[in-house]
2 protein chains.
Amino acid sequence: MSFTLLKSDLPGGARAGELITPHGTVLTPVFMPVGSQATVKTLTPDDIHAIGAKMILANTYHLYLRPGIETVEKLGGLHRFMGWDGAILTDSGGYQVFSLSPLRRITYEGVTFRSHIDGSEHFLSPELAIKYQESLGADVIMVLDECPPHDESETVIRDAMARTHRWAERCRKVHRHEGQALYAIVQGGVFPELRKQSAEYLTSLDFEGYAIGGLSIGEPKSDTMAVLDTTLPLLPVNKPRYLMGVGSPEDIVEGVARGVDMFDCALPTRTARNGALLTWAGRRNIDNAIFSEMSAPVMPGCACYTCRNFSAAYLHHLFKAKELLAYRLATLHNLSFMQTLMERIRAAILDGAFGEFRREFHAKYQPTNEAVRVTQKQKWLKAKRG
Amino acid sequence: MSFTLLKSDLPGGARAGELITPHGTVLTPVFMPVGSQATVKTLTPDDIHAIGAKMILANTYHLYLRPGIETVEKLGGLHRFMGWDGAILTDSGGYQVFSLSPLRRITYEGVTFRSHIDGSEHFLSPELAIKYQESLGADVIMVLDECPPHDESETVIRDAMARTHRWAERCRKVHRHEGQALYAIVQGGVFPELRKQSAEYLTSLDFEGYAIGGLSIGEPKSDTMAVLDTTLPLLPVNKPRYLMGVGSPEDIVEGVARGVDMFDCALPTRTARNGALLTWAGRRNIDNAIFSEMSAPVMPGCACYTCRNFSAAYLHHLFKAKELLAYRLATLHNLSFMQTLMERIRAAILDGAFGEFRREFHAKYQPTNEAVRVTQKQKWLKAKRG
C-alpha cells in the first residue's frame, strides 16, 4: 500500500494522487460507491467496473450482523464473497453503531449495541473492530470511532473524542498491517479547538491515512466547511485524507478544494432509487411529468449505459411502474456521473485549472435545498432504525 | 415472417423449427421471457442477449394502461422504447382483462374493464386490440380472446369461445399484416368437443400461427395435457403453435412432446424474485439455511453469469438482506436455465432423441407440488388485482 501525491493545485488546496492497493491503483480524488452489505445496491461487479469505479466501501457493522464475519471469512474474504476484484475500504462499524442501532452503551472498553435487524445485543471494541476487518480483508480499514450527534454539547463531544483517541491507539496496537492500511478518524464535532486537538493527537500516532468523521450528519453546511478549513491543514501532506460520508457533488467539489482525497456516500445510490438523477445542473426528479414523453436521455450527452440506451420517458415509465430495472438504471447513471465528476476534477487539478473548474461547476449546479437534504437524511436514519 | 419446420421427432410429436421475424431468427421450441411492462423484470436488453433469448413477450394491457399506447408509439414503438432489438410477441390484453381487472362487462362488441392500477374504466374491442398492437409494433401479435375461469360451466365456456371466434374474425379483418404475424387463440376450456370446434373453426380462417389459451389457469395438470392431446393434432403442421402462459420446465417438456413450438410464462422470473432457483433436480429455495455457507454455486456446472461468479452463500445473503441484486442474479439464473432447457430439447429433437431426453429429464426433475403451484398462482393474481 502506498500513496503518492502527484500534484497540488493550490498550497493547502486541491490534490491529485495515486493510491496503490493490493487490488489495483486508485486515482485520487476518488469517490467510493457504498456497498454496505457486500453489494453496491442493484449492481454487479461487472457494472461497477464498467462505470470505472476502482474502490468501493463496505460496512463491518452490516456484515458482522449479516451474514456474519466468520461466514465471509470461510467463503474466502470479502473480495471473493462479493466477486469484486477492485479495492475495498471497510468502515469499522463506529458510525453505524451510532446511527443505526436503536440503543447503545459506551465505555472506554467498547460499545454495547442492539442490532437494527432483530434487536439482539452485541459488543464491539477497538480490538474486535480490527479483528473483524482483518477477517473481511479489505485494502483499507478504519479505527473504531465514536460519532455522537452533531448537536451534542462540547463536553459530550470532547469525551467522545477522547475515547476515539484511546480506541485509535488500541486499534493501531493490534493491527497486523498485512497488506492492509489502517486509517485514523479525526473527531471533535463542530468545535475548532477539539478538531485541532484530534488532528494533532492522531497525527502523532502515525497512521497510514487520516479520515475526518462526524460530518454531514445534520450540521449546517457552513460548519462542515469550517471544520475542513480547520482540520485539513493539520494533516500530513503525504498521506491520504478521507472525508467520511460526504457526499453530494457540490460538497465533494468543496472538499477537494480544501485538500480531501477520498469520499464515500450513499447519496448517489440512495437518491437514484428515489428517482433523483444527477446532472450538471443539479438533481432531476424522473417522476416529474415533464419526462413522460421525453425521447432524449435524462442527461443528453452522458456516456453512461442508461443515457446511451434509454429515453428519459422510458426511465420515467419504469419508475411509475415501480419496475426493479428503474433502480438499477438510475444507479448506473448516478454512479457514472460521480465517476465523471471525479475524473474531471482530477484532470482540472493536473492541468492547474481546478479553480476554474470549481467556479464553472457552481455556476451551473443547483444544489438541493439544505432543509430538504437534512430531512431526507433524518427520514432515512429513522427508517433504518425502525 | 415465416416459419419452417425442420424436424418432427415423432409423428404428431416434438418439433424443431425456425421462426424468421423482422427482428431476427428464433429457433423453436422457444421459451419467451415475460416483459409485461416493456421490461423483463430486473434485466437490461444486454442481459437478455447474454442469456441467449431471442424473443420476449410484452403485454398490450399493461402498456395501454401505462405509459399508454400513444406514448410508446411517439417514442418509436416498443422495440425502441425498451431498447430491445430482438423479436417481440404482444398479447392482446384478453387474458389480462380477465385475470387482472377487478370488474369486467363483456358483450359481442368488446369488453369494458377497470384498470387494476387506479380503477378507471376502459373499453377494449378486437379492432382496438389490433390497432394498439400495430402501434406497439411487435413481430407477432394476438387476437383478442375471452378467457373465463377454468371451473366455469360448459355453457359459459361455449359462449366465451363463440365470442372469441367472432372476435378473431374481426381481428383478422382489420389487421394490416405489415411485417407482423397475427396468431389466433384456441379456447374451449377443458371440454374436448369445444376445443375441437375451436381449433377447426380458427384453422379455417387461416392465421399465421395458432395459440392455445385458457390453460394453466388453475385446472388440474391432467386436464391441461388432455386438452393438448385433443387440440394439437387439429392444428396445421406448417404453422407455429404457441401454448400461452406455460410454464414450468416439466410442463414445457410435456408441451413439446405434444407438438408445441412456443411458450411464455412469468414463472421463471416471478419465482426467481421469490428465491426459487431452477435446477435439473427441481426448484431450490435459496432462503434455506443449507445454502448459508455453501461456497459452490446454486447449480454447480451452470454456465450462467450468477453461477459462474457467485456462491450459493452470497445469493442466500442477498436474499436475506433483501438486496435488489438478489432478484436480478436469480432472474439471470432462471432464464438461463430455461434457455439451456430449450436448447437441449431442440438438440435432442434434431438428433431424433427427444424421447430419451424426456425420460431422463423427468427421472431427475422433482416437480413442484401442484397444490403449492395453484396456491401461488391464486395469491399472485389476488395481489395483482389489489
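Rules used throughout
Position labels on residues start from 1 in each chain and follow its written sequence. Chain letters and ligand numbers both follow the written order, the letters beginning at A and the numbers at 1. Reporting in this predicted model follows two pLDDT cut-offs: at least 70 for local features of residues, and 80 or more for side-chain atom pairs to be given and counted; totals over whole chains, interfaces and linings ignore these cut-offs and use all residues. The helix and strand labels rest on DSSP assignments: H or I over at least four residues marks a helix, E over at least two residues marks a strand, and numbering proceeds from the N terminus. We take the radius of gyration over the C-alpha atoms and set the globule estimate at 2.2 Å times the residue count to the 0.38 power. Exposure is read from a count of other C-beta atoms within 10 Å of each residue's own; the residue is exposed at 12 or fewer, buried at 20 or more and partly exposed in between. C-beta atoms are placed from the backbone. Connectivity within a nonpolar core runs through C-beta atoms within 7 Å, and the core itself is a set of buried Ala, Val, Leu, Ile, Met, Phe, Trp, Tyr and Cys residues. Any two residues are considered in contact once their C-beta atoms, placed from the backbone, lie within 7 Å. When DSSP finds two or more bridges between a pair of strands, those strands are recorded as paired. Fitted lines through C-alpha atoms give the axes, limited to the stretch in contact for helices. The angle between two N-to-C directions lies from 0 to 180 degrees. All copies are superposed by least squares; the fitting set is the C-alpha atoms of residues with a pLDDT of at least 70 in both. These domain limits were set by an automatic method or by a database of domain assignments. Nonpolar residues are Ala, Val, Leu, Ile, Met, Phe, Trp, Tyr, Cys and Pro. Charged residues are Asp, Glu, Lys and Arg, and all others, Gly as well, are polar.

Peer 1: Hey, could you run me through the overall build of chain A in this one?
Peer 2: If you tally the helices and strands in chain A, you get 16 helices and 16 strands. Over its C-alpha trace chain A gives a radius of gyration of 20 Å, about what one expects of a compact globule, namely 21 Å for 386 residues. C-alpha extents for chain A along the principal axes are approximately 60 × 50 × 40 Å. Sorting the 386 residues of chain A into buried and exposed places 53% on the buried side.

Peer 1: I would appreciate a short explanation of the nonpolar core in the present structure.
Peer 2: The tendency in soluble globular proteins is for nonpolar side chains to be buried as a group. Formed by 235 residues in total, the largest nonpolar core has its most connected members in Leu315(A) and Leu315(B). Leave out the neighbours within four places in its chain, and Leu315(A) touches Ile286(A), Val298(A), Phe310(A), Ala326(A), Leu329(A) and Ala330(A).

Peer 1: Explanation requested: the sheet that holds strand S8 (residues 111-114) of chain B in the structure shown.
Peer 2: The strands that make up a sheet are held in pairs by hydrogen bonds between backbone atoms, and each pair lies either parallel or antiparallel. Residue and element names in this part refer to chain B. On the basis of which strands lie adjacent, the open sheet formed by 3 strands has the order S7-S8-S9 and antiparallel pairing. Each of the sheet's edge strands pairs with one partner strand only, and the pair in question is strand S7 (104-106) and strand S9 (121-124). Neighbour to neighbour, the strand axes of the sheet diverge by 15 degrees on average, direction disregarded. Note: S8 against S9, 4 bridges, orientation antiparallel. Paired with Phe-113 across the two strands is His-122, which belongs to S9.

Peer 1: Help me out: how do you make sense of the relation of the copies chain B and chain A in this one?
Peer 2: Under the fitted operation, chain B is carried onto chain A by 0.0 Å of movement along the axis and a turn of 180 degrees, and the coordinates agree to an RMSD of 0.0 Å. When the rotation and shift are considered jointly, the pair of chain copies conforms to a two-fold rotation axis. No C-alpha of chain B lies nearer the rotation axis than that of Leu324(B), which sits 3.9 Å from it.

Peer 1: Explain the pairing of strand S2 (residues 15-21) of chain B to me, please; I cannot follow it from the model alone.
Peer 2: A regular strand places its side chains on the two faces of the sheet in alternate fashion. All names here are of chain B. In terms of burial, S2 is largely enclosed, as 5 of its 7 residues are buried. Two elements, strand S1 (residues 2-8) and S2, share 6 bridges in a ladder whose sense is antiparallel. The partner of Leu-5 across the bridge, within S2, is Gly-17. Examined bridge by bridge, S2 and strand S3 (residues 24-28) share 5 bridges and lie antiparallel to one another.

Peer 1: How should unusual backbone geometry be read in this particular structure?
Peer 2: With omega at 0 degrees, the peptide bond leading from Thr28(A) into Pro29(A) counts as cis. Within the secondary structure, Pro29(A) is located in the loop between strand S3 (24-28) and strand S4 (30-32). Following Val246(B), the chain continues into Gly247(B) via a peptide bond in cis, with omega recorded as 10 degrees. Considering the arrangement of structural elements, one finds Gly247(B) in the loop between strand S13 (241-243) and helix H10 (249-257). Located in the positive-phi region is Ser216(A), a residue other than glycine, with phi close to 60 degrees. Locating Ser216(A) in the fold gives a position in the loop between strand S12 (209-212) and helix H9 (221-231). One non-glycine residue, Lys322(B), lies in positive phi territory at about 55 degrees. Turning to its location among the elements, Lys322(B) is positioned in the loop between helix H13 (312-320) and helix H14 (324-350). Given 9 C-beta atoms within a 10 Å radius, Lys322(B) is considered exposed.

Peer 1: Quick question: what am I supposed to make of the sheet that holds strand S1 (residues 2-8) of chain A here?
Peer 2: Residues and elements named next belong to chain A. Ordered by their spatial adjacency, 3 strands build an open sheet running S1-S2-S3, and the pairing between neighbours is antiparallel. Edge positions in the open sheet fall to S1 and S3, since each of these has one partner strand only. For this sheet, the mean angle separating the axes of adjacent strands, direction not counted, is 15 degrees. Together, S1, strand S2 (15-21) and S3 form the strand contacts of helix H14 (residues 324-350), whose direction differs from that of S2 by roughly 120 degrees.

Peer 1: Could you clarify how one ought to interpret the domain arrangement of chain A in this entry?
Peer 2: Size of an interface: often given as the accessible area lost when the parts come together. All names here are of chain A. Assigned domains of chain A: these are domain 1 (2-265) and domain 2 (272-364). Distance from the C-alpha centre of domain 1 to the C-alpha centre of domain 2: 27 Å. Domain 1 puts 23 residues into the contact, and the matching count from domain 2 is 21 residues. Elements that contribute at least two residues to the side of domain 1 that touches domain 2 include exactly S2, S4, helix H1 (45-51) and helix H10 (249-257). At 5 residues, the largest contribution of residues to the side of domain 1 that touches domain 2 is made by H10. Class assignment for the residues of the side of domain 1 that touches domain 2 results in 16 nonpolar, 2 polar and 5 charged.

Peer 1: Any chance you could explain the interface of chain B and chain A here in plain terms?
Peer 2: In this assembly, 31 residues from chain B lie in contact with 31 residues from chain A. Going through the elements one at a time, helix H3 (69-74), helix H4 (78-82), H13 and H14 of chain B are the ones with two or more residues in the side of chain B that touches chain A. Of the residues assigned to the side of chain B that touches chain A, the class counts are 14 nonpolar, 11 polar and 6 charged.

Peer 1: Sorry if this is basic, but what is going on with the pairing of strand S5 (residues 55-59) of chain B here?
Peer 2: All names here are of chain B. In terms of burial, S5 is largely enclosed, as 5 of its 5 residues are buried. The alternating pattern of S5 places Met-55, Leu-57 and Asn-59 on one face and Ile-56 and Ala-58 on the opposite face, and all of these are buried. Across 5 bridges, the pairing between S5 and strand S6 (residues 87-91) is parallel. Bridge assignment links Asn-59 to a residue of S6, and that residue is Asp-91.

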